[in-house]
Amino acid sequence: MSIQGTASSTSLSPTGRAGGRFGDRLLTVLTSGAALATIAVLVLLVEQVVNGSSLSISAFGLGFLWHSTWNPTLSAGAVNANVYGAAVLIYGTVVTSVIALVIAVPLGVAIAVYLAVLAHGRVGAVIGPLVELLAAVPSVILGLWGIIVLAPFLRTTIEPALHAALGWIPIFGAPNPTGLGVFTAGVVLAIMVLPIIAAVCRDLFLTVPQDLKDGALALGMTRWEMIRGVVLDSSRAGIGAATILGLSRALGEAIAVTQVIGTGSTITASLFQNGDTLASRIAEQFIGTVSRLQTASLFYCALVLLVMELIANLAAQLITRRFQKRRGLAL
Amino acid sequence: MSLSPPEKTAEQERSLLNVEVAGESAVATGSTEVVYELRGVDVHYGQALAVGGINMRIHKNVITAIIGPSGCGKSTMLRTLNRMNDAIPGFRLSGEVLYHDRSIYERNIDPVEVRRRIGMVFQRPNPFPKSIYENIAWAPRILGLRADLEERVENALRGAALWDEVKDRLKQSALGLSGGQQQRLCIARALAIEPDVLLLDEPCSALDPIATASVEELMHELRRDYTQVIVTHNMQQAARVADRTAFFSLNVENGSRSGVLVEYDTTKTIFTSPGDQRTADYIAGRFG
């Protein structure tokens, strides 16, 4: 010790700053309490969903997943009265989400490449926040826009064109006169997940060291060759994680989908026909249920959705972890 | 590197001797073919003059060192030689940079084509996060040099004195190599596309002495086939490797600082009988 401490500064007095130890303890209690509350909410939520669906689970079992009848009618003579199955909804959920990703991933990656690598100063500074602003548009407004603008546009231009060019593939059938349907819902979802994918990928591409980009350019590579070989190549896992993040958003969206999907009750090959998704069906029917079994079946839908989201989330975490491991080696 | 200490000392002595011999022979043979000719080159970033009034010639198969204090524009100068400054906002060049008598800043010259012929090695080793093989094979494959790609990779690695160390693990990640190996891999990567000139921007600043010795030794070997320009903050390194040395310094005028070329001569002259007092002061360690 080169500093001559006085007795008071070197002795370990139990009373430091007034209330210091108490404050630290309180901090720990409050923050850990907040963390535990999250877990408690999640557990209670799952419990509620499982409890709520128990009636439907005991009535239909796993068959719920592959039966397509959804009939809330209570009149005694009707066929399949009060029988529920989620096949149409699961199919619609998967197909709309896939359409959303097929459109949004290439577009989002392209936007991110532009913002992170190509845009200079001011242009990027304007477009970047605008893309993120797109994520702030409430889904109900996007749904309205979908009904008024997007559906007529798709019905008169894109859908006929796809039908004419690729009509021999069953999924591109004749356009629906309303313009509503699975395809329209997928496009609306694409607009919703686009800013998420673009923002995540942009941040990802910004972490690619300038050294590597310079290294590629110094080898006589064009900018595109540099982007493909260095930026995209070293971000593959991250793009995968961003895609799944977008997927989980698309799977769970209810309102906008309800507005534009046309509430169909059968699985049709053509993407241009009406359909429905798990989340959308819950939003449509929960308020006006006519039987306890119908309510329980809606809870069952919620349970299926929860499991799908959980799987997507776990997959994203798995990919990110692998990605970070590789990053760790790179640094 | 697997050099044991005694060998290293011998190695260094030998390379020091080589410098003397190489320096003398370069002067004697007077390698006269000019690769680069800079005429009145000024580089501005925005309004600020970074380097001004540069006139110099760089000769074929000669190692030219650029030395000088921090901020004197050494790296800027080097990066004008393969148009790596192009992407920097506000970069502006006036004067002429002639490469084999062709101005590389003319409007119809594609910078990609320029960089294709003029390889560059950076301060920090920057191997791609790919396998050792892919690091070398990537650029040739894209540039259409697909014939005998494996042989090309082997030759590049041999050229960079790395083959024996990595031949059994070509499929492994390049990031697992040591710093010195990574830097030699980056040199191999540049060699694989058969450049004419190799620019080295403080290639050893992130390396330990042993790795530095390996890179310097490699530079001597590459001298036969390539024209090399090295920027270094390390005067001893310039003395060890370079045939000719350019000393850059800072010119302070009206409060603004810009780089100038003070003196450019054979390394021997610069280090033993410099013509300018500023060079002498710098070499003697009186500033910078």
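Residues numbered from 1 in each chain as written. Chains lettered and ligands numbered in written order. Predicted model: local features only at pLDDT ≥ 70, side-chain atom pairs only at ≥ 80, totals over all residues. Heavy atoms only, no water.

1. What about the overall build of chain A?
Stated precisely, the cut-off is as follows: By definition, any uninterrupted DSSP run of H or I lasting at least four residues is a helix, any uninterrupted run of E lasting at least two residues is a strand, and each is numbered from the N terminus. Radius of gyration: C-alpha atoms only; globule rule: 2.2 Å multiplied by the number of residues to the exponent 0.38. Three exposure classes are used, based on accessible area relative to the maximum for each residue type with a 1.4 Å probe and protein chains only: buried under 20%, partly exposed in between, and exposed over 50%. Contact between two residues is taken to exist if any of their heavy atoms lie within 4.5 Å; hydrogens are not considered. Computed with the Shrake-Rupley method and a 1.4 Å probe, the accessible areas treat only the protein chains shown as cover for residues. Working convention for charge: Lys and Arg count positive, Asp and Glu count negative, and His plus the chain ends are omitted. Taken as the charge location is NZ of Lys, CZ of Arg, CG of Asp or CD of Glu.
Per the secondary structure count, chain A includes twelve helices and two strands. Here chain A has a C-alpha radius of gyration of 26 Å; the compact-globule value for 331 residues is 20 Å, and the former is much larger. Overall size of chain A, expressed as C-alpha extent along the three principal axes, is 95 × 60 × 35 Å. Taking all 331 residues of chain A together, the buried fraction comes to 43%. Summarising the internal contacts of chain A: among those between residues at least 6 apart in sequence, 73% fall at separations of at least 24. Counting every atom, chain A has about 17,500 Å² of accessible surface; 70% of that belongs to carbon and sulfur. The distance from the centre of the 18 positive side-chain charges to the centre of the 13 negative ones in chain A is 6 Å.

2. Here's the deal with the packing of helix α3 (residues 87–118) of chain A against helix α8 (residues 223–232) of chain A
Residues and elements named next belong to chain A. Worth spelling out the cut-off: To define axes, lines are fitted to C-alpha atoms, for helices over the stretch in contact only, and angles between the resulting N-to-C directions are given on a 0 to 180 degree scale. Any angle that falls under 35 degrees is termed roughly parallel, while one over 145 is termed roughly antiparallel, one within 65 to 115 roughly perpendicular, and all others oblique. Just so you know the grouping, Ala, Val, Leu, Ile, Met, Phe, Trp, Tyr, Cys and Pro go in nonpolar, Asp, Glu, Lys and Arg go in charged, and all remaining residues, Gly too, go in polar.
Where α3 contacts α8, the axes come no closer than 12 Å and their chain directions differ by 105°. Between α3 and α8, the crossing angle belongs to the class labelled roughly perpendicular. Residues Val109, Val113, Val117 and Leu118 of α3 touch α8, and the partners they reach there are Arg223, Met226, Ile227, Val231 and Leu232. Broken down by class, the residue content of the contact of α3 with α8 amounts to eight nonpolar, no polar and one charged.

3. Section: the pairing of strand β2 (residues 48–59) of chain B
All names here are of chain B. Stated formally: Here, any two strands with at least 2 DSSP bridges between them count as paired.
Of the pairings in the sheet, the one linking strand β1 (residues 34–45) to β2 comprises eight bridges and is antiparallel in character. By the bridge assignment, Val41 is partnered in β2 with Ile54. The hairpin turn running from β1 into β2, its antiparallel successor, is two residues long, and Gly46 in that turn takes a positive phi close to 65°.

4. Side note on the interface of chain A and chain B
Formally: Computed with a 1.4 Å rolling probe, the buried area is the accessible surface lost when two parts are put together, summed over both parts. We define a salt bridge as a side-chain nitrogen of Lys or Arg found within 4 Å of a carboxyl oxygen belonging to Asp or Glu.
Taken residue by residue, the interface counts 21 residues in chain A and 24 residues in chain B. Taking both partners together, chain A and chain B bury about 1,800 Å²; carbon and sulfur atoms supply 70% of that area. Where chain A touches chain B, the interface holds three salt bridges. Note that B:Lys130 is salt-bridged to A:Asp233, the shortest N-O span being 3.3 Å.

5. Let's talk about helix α7 (residues 210–218) of chain A
Given 3.6 residues per turn, any residue in an α-helix points the same way as the ones three and four places further on. Residues and elements named next belong to chain A. With respect to burial, α7 is a largely interior element, seven of its nine residues being buried. Of all the positions in α7, only Leu212, Lys213, Asp214, Gly215, Ala216, Leu217 and Ala218 are classed as buried. A positive backbone phi angle near 80° is found at Gly220, which sits one or two residues after α7.

6. Some words on the pattern of salt bridges
Residue and element names in this part refer to chain B. One pass over the full model with this rule turns up 22 salt bridges over all chains. Asp164 serves as the salt-bridge partner of Lys167, at 3.6 Å between the closest nitrogen and oxygen. On the accessibility criterion, Lys167 (38% relative accessible area) is partly exposed. The class of Asp164 is exposed, set by a relative accessible area of 59%. A salt bridge links Arg223 to Asp243; the shortest N-O distance between them is 2.9 Å.

7. A few points about the side chain of A:Ser56
Mapping A:Ser56 onto the fold places it in helix α2 (residues 20–60). Once you skip the residues sitting within four places of it in the chain, A:Ser56 turns out to touch A:Gly61, A:Phe64, A:Leu293, A:Ala296, A:Ser297 and A:Tyr300.

8. Points about the packing of aromatic side chains
Our working rule: Any pair of Phe, Tyr and Trp rings, taking the six-membered ring for Trp, is counted once the centres come within 6.5 Å. Such a pair is stacked with planes under 30 degrees apart, edge-to-face with planes over 60 apart, and tilted for the rest. Two conditions define a charge sitting above a ring: the NZ of Lys or the CZ of Arg must be within 6 Å of the ring centre, and it must be within 35 degrees of the ring normal.
Evaluation of the coordinates by the stated rule reveals 13 aromatic pairs over all chains. Both rings, one in A:Phe183 and one in A:Phe272, keep their centres 5.3 Å apart while their planes meet at 80°; by these two values the pair is edge-to-face. Within this pair, whereas A:Phe183 is found in helix α6 (residues 182–206), its partner A:Phe272 is found in the loop between α10 (255–261) and α11 (278–285), the two being separated by 89 residues in sequence. An aromatic cluster of at least three residues, connected via ring pairs, comprises A:Phe60, A:Phe64, A:Trp70, A:Tyr84 and A:Tyr300. In this structure, B:Arg189 is placed above the aromatic ring of B:Phe128, and the distance from its NZ or CZ to the ring centre is 4.2 Å. Taking NZ or CZ as reference, B:Arg244 lies 4.7 Å from the ring centre of B:Tyr264, over its face.

9. What to know about the nonpolar core
Across soluble globular proteins, you tend to see nonpolar side chains buried next to one another. Worth spelling out the cut-off: Residues belong to one nonpolar core when they are buried, are Ala, Val, Leu, Ile, Met, Phe, Trp, Tyr or Cys, and are joined through side-chain atoms within 4.5 Å.
Counting 91 residues, the largest nonpolar core has A:Phe205, B:Tyr36, B:Leu38, B:Ile54, B:Met56, B:Leu81 and B:Phe248 as its most contacted members. For this core, the leading source of residues is α6(A), giving 15 residues. Once you skip the residues sitting within four places of it in the chain, B:Phe248 turns out to touch B:Val51, B:Ile54, B:Met56, B:Ile66, B:Ile67, B:Gly68, B:Pro69, B:Cys72, B:Met77, B:Val260, B:Leu261 and B:Val262. B:Val121, B:Val153, B:Leu157 and B:Met219 belong to the second-largest nonpolar core, a separate cluster that totals 44 residues.

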